[in-house]
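Here is how the chains run, residue by residue.
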Amino acid sequence: MTNEFWCHEAENYLSEHPEAVVAEVLEHVRKLGQDARFMHAPVEDPARYHIPRGIAERALWTERVLRNRVEVTDPAESARRIMSSPEALSVLAADEDGRTVLRAAELQRRAAQLCELRRLAEDTTASEHALQRALKGMYWVFGGRFIGEAQQRRLVPGDEVDIPLIRGDGSLQIVELKQSAAVKLVKGHRGSWVPRREVHDAVGQAINYLVGLDENRERISTEFGIDTRRASALVLIGHPLSQPEVDENEINDALRIHTSHLNRIEILTYKELIDSAERALAAGEVM
């Protein structure tokens, strides 16, 4: 059964990373083995053990923080106990120094997520599905005005939005994801740069989503408690790497000019989004 488990994990990894080499697969398995030290049985289902992914790396980081900032007898054991215990995390959250540790751990986790997102965004073979999977749960990358993602993605019959974001006032913003480095964004037209057909098609799709949300706003409010009267859309598409012959600032300017003539729709490249989030993290902001 153990052999089957590791074979299954390796096959899953290869299905998501078909270009992976042997060393990368072994590194993935090694990290899973470290996480297995924190395996536990949930109270609601004690017969099934759960391995929290990535917890070993966070525990190691917490150990380093404890070793450098706090006087404890056994930092490694304390870090393991803290990361494994909801009660210990609650105690930390109630303490000023503890909140500093947790905040720093969250910044470190988000920095690692951004690093992986940037890798995918610069990969010309990365699919929309892979980018969507990487962005799952990363609502903070879109800025501090969002408090989370809506659980329901199919708000209108026949339409399923990629990422439904909820603002602090309860209103909705949908994110329409397209490919990144594989998409050319602009073309020359009478001495200027203008968006290509791929951008216009993505904007058209976002418009159709907004029309559907407007037409079904009362039902959506009743069934899901989501306010779509002031809904807007963000089209996330492309990367300057796809057109090295065009200056990045000119690409961004062409998209901003196009956005300025749209209502309720914004267009961003993956690089702009990631750069902005990285600046916020560098400033120590937990968005």
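Each residue is numbered by its place in its chain's sequence as written, counting from 1. Where local features are concerned, this predicted model is filtered to residues with pLDDT of at least 70; where side-chain atom pairs are given and counted, the filter is 80 or more; whole-chain, interface and lining totals use all residues. Only hydrogens and water are removed before side-chain values are computed, so all heavy atoms of the structure are retained for them.

**Considerations on the overall build of the chain**
Logical step 1: Per the convention used, a helix needs a DSSP run of H or I reaching at least four residues, while a strand needs a run of E reaching at least two, with both numbered from the N terminus. Secondary structure assignment for the chain yields 11 helices and 7 strands.
Logical step 2: Any pair of residues with heavy atoms lying within 4.5 Å of one another is described as a contacting pair. Taking as baseline every contact in the chain between residues at least 6 positions apart, the subset at least 24 positions apart corresponds to 57%.
Logical step 3: As displayed, the chain has an accessible area near 16,500 Å², and 51% of this comes from carbon and sulfur atoms. A 1.4 Å probe and the Shrake-Rupley method give the accessible areas. Residues count as covered only by the protein chains that appear here.

**Topic: the environment of serine 242**
Logical step 1: Residue position: serine 242 is located in the loop between strand S6 (227–236) and helix H10 (248–260).
Logical step 2: To sort residues, take the accessible area from a 1.4 Å probe on protein chains only and compare it with the maximum for the residue type: under 20% means buried, over 50% means exposed, and anything in between is partly exposed. Looking at serine 242, the relative accessible area reads 11%, which means it is buried.
Logical step 3: Distance in space between the C-alpha atoms of serine 242 and lysine 184 is 5.5 Å, their sequence separation being 58 residues.
Logical step 4: When sequence neighbours within four positions are dropped, the list of residues in contact with serine 242 reads Ala181, Val183, Lys184 and Leu185.
Logical step 5: The definition of a polar contact used here is a pair of N or O atoms within 3.5 Å, where within protein one atom must be able to donate a hydrogen and the other to accept one, and adjacent residues in sequence count solely through side-chain atom pairs. At a separation of 2.8 Å, a polar atom in the side chain of serine 242 contacts the main-chain carbonyl oxygen of histidine 239.

**Some words on the side chain of glutamine 132**
Logical step 1: Of note, glutamine 132 is situated in helix H7 (residues 128–135).
Logical step 2: For glutamine 132, a relative accessible area of 18% puts it in the buried group.
Logical step 3: Ignoring sequence-local partners within four residues, the contact set of glutamine 132 consists of Arg153, Asp162 and Leu177.

**Points about helix H8 (residues 197–215)**
Logical step 1: Here, expected helix span is obtained from the residue count minus one, scaled by 1.5 Å. Between its first and last C-alpha, H8 extends 27 Å over 19 residues, near the 27 Å set by a 1.5 Å rise per residue.
Logical step 2: Among all positions of H8, only Val199, Ala202, Val203, Ala206, Tyr209, Leu210, Gly212 and Leu213 are buried.
Logical step 3: The inward-facing, buried residues of H8 contact strand S3 (171–177), strand S5 (192–195), helix H9 (217–224), S6, H10 and strand S7 (265–268).

**Remarks on the environment of proline 195**
Logical step 1: For proline 195, the location among the structural elements is in strand S5.
Logical step 2: Measuring from C-alpha to C-alpha, the distance between proline 195 and histidine 258 comes to 7.6 Å, with 63 residues separating the pair along the chain.
Logical step 3: Those residues within four positions of proline 195 in sequence are excluded, and the remaining contacts are Leu185, Val186, Lys187, His200, Ala254, Leu255 and His258.

**Comments concerning H7**
In an α-helix, one full turn covers 3.6 residues, which means residues spaced three or four apart are oriented alike.
Logical step 1: Along H7, the residues that are buried comprise Ala130, Leu131, Gln132 and Leu135.
Logical step 2: Directly after H7, the chain includes glycine 137, whose backbone phi takes a positive value near 85°.

**Structural notes on the pairing of S5**
Logical step 1: Two strands pair when backbone bridges link them, and strand S4 (residues 186–189) and S5 are joined in this way by 4 bridges, in the antiparallel orientation. Counted as the bridge partner of glycine 188 is tryptophan 193 from S5.
Logical step 2: Hairpin connection from S4 to S5: 2 residues lie between these consecutive antiparallel strands, with arginine 190 at a positive phi of about 50°. Whether two strands pair comes down to DSSP finding at least two bridges between them.

**Some points on unusual backbone geometry**
Logical step 1: One non-glycine residue, arginine 190, lies in positive phi territory at about 50°.
Logical step 2: Looking at the element boundaries, arginine 190 is found in the loop between S4 and S5.
Logical step 3: Phi at arginine 264 takes a positive value of approximately 75°, unusual for a residue other than glycine.
Logical step 4: Considering the arrangement of structural elements, one finds arginine 264 in the loop between H10 and S7.
Logical step 5: Given the relative accessible area of 30%, arginine 264 is considered partly exposed.

**Section: the sheet that holds S3**
Logical step 1: Here 5 strands make up an open sheet; going across it, the order is S1-S2-S3-S6-S7 and the pairing mixed. Only two strands of the sheet have a single partner each, and these edge strands are strand S1 (146–149) and S7. Put simply, the sheet's adjacent strands are angled 30° from each other on average, direction ignored.
Logical step 2: Relative to S7, S6 runs parallel, the two sharing 4 bridges. Residue alanine 233 lies in a different strand from S7, and its bridge partner there is isoleucine 265.
Logical step 3: Only the contacting stretch of a helix is used when fitting its axis, a line to C-alpha atoms as for every element, and angles between N-to-C directions run 0 to 180 degrees. The sheet strands contacting H8 are S3, S6 and S7, and the helix crosses S6 at an angle near 165°.

**Considerations on the nonpolar core**
Side chains of nonpolar character tend, in soluble globular proteins, to be buried together.
Logical step 1: In terms of nonpolar packing, the biggest core is built from 29 residues, with Leu172, Ile174, Leu185, Leu213, Val235 and Ile237 touching the most fellow members.
Logical step 2: Broken down by secondary-structure element, the contributors of at least two residues to this core are S3, H8, S6, H10 and S7.
Logical step 3: The greatest single-element share of this core, amounting to 7 residues, is contributed by H8.
Logical step 4: Aside from chain neighbours lying at most four places away, what touches valine 235 is Glu176, Ala202, Val203, Ala206, Ile265, Glu266, Ile267 and Leu268.
Logical step 5: Residues belong to one nonpolar core when they are buried, are Ala, Val, Leu, Ile, Met, Phe, Trp, Tyr or Cys, and are joined through side-chain atoms within 4.5 Å. Grouped together as the second largest cluster of nonpolar side chains are 25 residues, Leu117, Ala126, Leu165 and Ala277 included.

Read these as geometric descriptors, not functional statements.
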